[in-house]
Amino acid sequence: MNSLLSFFNRIFSPALPEDSPDWYRARLTMVVSGLTLFFYFIPELIAHLLAPPAPVSLIKVLIILFGTTLTLTGFLAAKRGFVHPAVWLTLLGWTLDILLDTALGEGMEVGATMGIWVMLGMVMAFLLLDLRQYIIFAVLHMLSTWLVEWLRYRVGLMSANVELHLAATVLLGLGTWLRERDQHQRAEAVAALQKQKEYLQSVIDGVQSPFYVIDVKDYRIRLANRAARELGLLEERVTCYALTHRRSEPCGGDEHPCPLQRVRIERQPYATEHIHYRPDGSTYYAEVRGYPLFDEHGEVTQMVEYSVDITERKRQEAEIRKLQQAVEHAASGVAITNPQGVFEYVNPTFERMTGYTREEVIGQTPRLLKSGKHPKEFYDEMWRTIQSGQIWQGEMNNRRKDGSLYWEFQTIAPVSANGKITHYVAVKLDITTQKELEEQLRENEARFRQLVENASDIIYRTDALGHFIYVNPVAVNLMGFHSEAEVLGRHYLELAHPEWHARLQHFYGRQFIQGIPNTYYEFEAVAADGRKVWIGQNVQIIRHNGVVTGFQAVARDITELKKAQHALEEARDEALEASRFKSQLLSRVSHELRTPLGGILGYAELMQADAFGALNDQQHEAAANILDSAHYLNQMVNDLLNEAEIAARSIKLQNDWFSPVELLEQASASLSVQAIKKGLSFVTEHSPDLPEKLFGDVHRLQQILINLVGNAIKFTERGEVRVRLACPAPGQWAIVVSDTGAGIPKEAQEYIFEPFRQVDNRITRENRGSGLGLSIAKHLIELMGGQITLESEVGKGSTFTVTLPILAASGEPVMSKPYALVIEDDPALSRIYTIALQEAGFDAALDINGNQYPSLVTARKPALVLLDLHLPYASGANILHDLRAKCPDAVIAVVTADFIKAKSLPDKADHILIKPVSVERLKKIAQEAKGAVNT
């Protein structure tokens, strides 16, 4: 039922505001025209079409359609708000239908029906028209009715209808006049009310902040002032939540309390803070106040909402809170006093500095902290300054609550209002630690100056241009001067030998330009008395705010060291020459020994084979001893020749594909017999992941294997000798020889691989040997790019592990680290370079003299070469040329102290490193070389 009523309410509601005076007349017109359509025209049309009393009259149907059209048009006009046209169309539709029916004889057969029509027409005109329009309609109605009656009935009904019309017209006209008068009074009341409303609107429009009245049921804004309308009050924003919050539904109260909900529930005014939207979409803080409006039953029906923009107040409050937080958490103590110096506020830092709590300080004066360390004049001057309106700053020694003293740097500023000082604000910074550090710094400075003045090294400083600004007494005495004043202001080049000027200027000029923090350099200086002095010095850059302001140096007289180095170099040259003569002698002696040795072996074997007649047992034993001694001598000659070849770096590897299993079987064929003769167990094994084929020098590998296994058998009394081939890591294979022999002492493990060195024990004395086997094996293994390690314990045996790279057919390692070659004669520098390259992920090989690199690059092509151009026994330029031909893809970096010479070489290096070389720079070059290998 409610749905049906709601439907009819929507149908019969005109498109006019409900507070419009024409709204009710439009709705009444719609009701009358609708009832006329549904209860007169439509049933009459249906009756004539579906169930006519006689054959259908086309004229009757047209009359009904004509009246229906006029009435429907009146309904639609009233719906759109055109009230007066709608009234006339509705009355004319019914009137013309009745009159035409009567005139054409289609209806109104009796006078009573005509009389009823007259009365109903007059009533409708009274209800719908004002007095003037009613009179016009009544006159037209009477004239048209009389005309129809006269034409149709002549005089029969005319007299009665004349009386009826006159009576109805007079009575209803009087009523219309009275109703119009009432409407006029009502219009005056509405006008007065409108005037009062406009006055009220002007009053609330004068309010600068948004002010509006909200219906508590649907949140719609019923009344709003100009400030509220300027917020963007539109049809789609007619609710409070749409206007101020840009929401499509009421606030739930989660974000902020809803004033309307609180006012409706609590039935009393309510205030809160919200965030509202401006028309441009920006937000602002608003203080919202809601006041309830009650109906006659005491129920809250509306709420007056008033909001004030408090954005600036919130900003100021935030600034105050920020300032308060800053003061509360400041690292400095803050205190506020009144003009008499009585504390009104102190922050937590003040409490921590002094040891007093806030409650203990408030109401007290700064005399509470007085230490007695300052004179009265100090405090008088402070008070005179701040009372004159100026800011006072200074250091003050105060006393804490526990009696301890502390230093503070204090700033006191007066706060004025209307030209009168109202407060003093003091900011206190605890500088106790700083004062202690300053005192400690003074003591340290004195102590360090004493150390520098009495140091045995030369210590001096220069400005950025190289002029001396400080020299210690050692420097003055060493250079032959009498006082520091004679040196200050001189340029450092004035004390250097003239031949060193260009090199020194280039070296330290590069340090200055490149900003190298620390350098070491050696040069020859000339003392004031003409003496030549060698100086080795560390020079460090001095910076201030990122700008180089000078240099400081710690130097030492290395004249005697240079003499010793020169003597050592001469001794080294003599030793190398002796080594060369030794190698030549060994080669010559070995060659001369082989010819007679061959004869001895041949005749001894013939004698043992009874080629010269049958020999008795003693003769056979003698022949066997001759053969054994000859074989030993032959082995020694071979070892000596191998050692000579190694020393001369003339061994060439003959790499080819071979089977590691066959290598092990061939070596074991003879070695197992020796083990069995000594009663030892001989075990061989190989890892299943060992490749079927490897690339290498099988002859040299057999030599290494026989040497290691032969030693294991020789120095093992009982137990076993075990040989194993394995793959310990990707890209590597290994030969592991272990025994249960006597073992090697720790001290002997350090020299066991040196030539002609053996462990001195009973077993070595019983087994003859040259002491060259392990040395030769180690050199061959390193030549192959591998390494040999030893694990041994006396009485438990030894294990030798040979680790070699798995090579491809090209001779390059498979799945191994990139390979770097270092050619550097200085032991300290070569070790630094090697460690740096290993940290960068390289396998590094070292060539000290510059004559080993051909075999090293043949065994394995390097990705990076670090070459010292100034080698004592080789030409760096020639080596660079040779390396460019043999290793075209390698990154070559030359190390030199002469940049110009390095740039002028015909074969260009990829990098030129000026000594001393930075490790970080070297690592960057290593990463570049590694990247080239990966690509």
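You'll find the structure just up there.
To keep things clear, this report deals only with the structure shown in the data block.

Analysis parameters
- Residues numbered from 1 in each chain as written.
- Predicted model: local features only at pLDDT ≥ 70, side-chain atom pairs only at ≥ 80, totals over all residues.
- Heavy atoms only, no water.
- Helix = DSSP H or I, 4+ residues; strand = E, 2+ residues; numbered from the N terminus.
- Buried < 20%, exposed > 50% of the residue type's maximum accessible area, 1.4 Å probe, protein only.
- Contact = heavy atoms within 4.5 Å.
- Areas by Shrake-Rupley, 256 points an atom, 1.4 Å probe, with all protein chains shown as cover.
- Phe/Tyr/Trp six-rings, centres within 6.5 Å; stacked < 30°, edge-to-face > 60°.
- Salt bridge = Lys/Arg side-chain N within 4 Å of Asp/Glu carboxyl O.
- Pairing = 2+ DSSP bridges.
- Axes fitted to C-alpha atoms, helices over the stretch in contact; angles between N-to-C directions.
- Patch = residues over 30% accessible without salt bridge, like charges linked within 9 Å, V, L, I, M, F, W, Y side chains within 5 Å.
- Lys, Arg positive; Asp, Glu negative; His and termini not counted.
- Charge placed at Lys NZ, Arg CZ, Asp CG, Glu CD.
- Core = buried A, V, L, I, M, F, W, Y, C linked by side-chain atoms within 4.5 Å.

## What to know about the overall build of the chain
Then comes step 1: Per the secondary structure count, the chain includes 29 helices and 27 strands.
Then comes step 2: When burial is assessed residue by residue, the chain has 40% of its 935 residues classed as buried.
Then comes step 3: Nonlocal contacts in the chain, meaning residues at least 24 apart in sequence, comprise 54% of its contacts between residues at least 6 apart.
Then comes step 4: Accessible surface computed for the chain: about 52100 Å², of which carbon and sulfur atoms make up 58%.

## Let's talk about the packing of aromatic side chains
Then comes step 1: Scanning the entire structure with this criterion turns up 16 aromatic pairs.
Then comes step 2: Both rings, one in Y219 and one in Y241, keep their centres 5.7 Å apart while their planes meet at 65°; by these two values the pair is edge-to-face. Note that Y219 is positioned in the loop between β1 (211–215) and β2 (221–224) and Y241 in helix α9 (residues 240–245), a separation of 22 residues in sequence. Of the two residues examined, Y219 and Y241, each falls in the buried class.

## A few points about the pattern of salt bridges
Then comes step 1: Within this structure, the stated rule accounts for 28 salt bridges.
Then comes step 2: Between D215 and R222 there is a salt bridge; the shortest N-O distance is 3.5 Å.
Then comes step 3: Residue classification places D215 among the buried positions, given a relative accessible area of 15%.
Then comes step 4: With a closest N to O distance of 2.9 Å, E839 and K923 form a salt bridge. Here E839, found in helix α25 (residues 827–839), pairs with K923, found in helix α29 (residues 919–934); they are 84 residues apart in sequence, far enough to count as distant.
Then comes step 5: A relative accessible area of 56% means that E839 is categorised as exposed.
Then comes step 6: When its relative accessible area of 25% is taken as the criterion, K923 is described as partly exposed.
Then comes step 7: Here the salt bridges do not stand alone but share partners, grouping E273, E287, R289, R313 and K314 into one network.

## Details of the sheet that holds strand β17 (residues 681–686)
Then comes step 1: What the five strands build is an open sheet, ordered β17-β19-β20-β22-β21; its pairing is mixed. Strands with a single pairing partner mark the edges of an open sheet, and in this sheet they are β17 and β21 (787–793). Ignoring which end each strand starts from, the neighbouring axes of this sheet average 10° apart.
Then comes step 2: Along the sheet, helix α20 (residues 660–677) contacts β17 and β19 (720–726); its crossing angle with β17, the most-contacted strand, is approximately 175°.

## A look at a negative patch on the surface
Then comes step 1: A contiguous patch of negative charge on the surface is contributed by E569, E570, D573 and E574.
Then comes step 2: Tracing the backbone through its elements, the reader meets E569 in helix α18 (residues 559–608).

## Structural notes on the nonpolar core
Then comes step 1: Counting 42 residues, the largest nonpolar core has L705, V709 and W733 as its most contacted members.
Then comes step 2: Among the elements of the structure, α20, α21 (698–714), β19, β20 (732–739), α24 (773–783), β21 and β22 (797–805) are those that each provide at least two residues to this core.
Then comes step 3: Sorting elements by how many residues they give to this core places α21 first, with seven residues.
Then comes step 4: Those residues in contact with V709 that lie beyond four places of it in its chain are L671, F682, V721, V723 and V737.

Keep in mind these values describe shape, not function.
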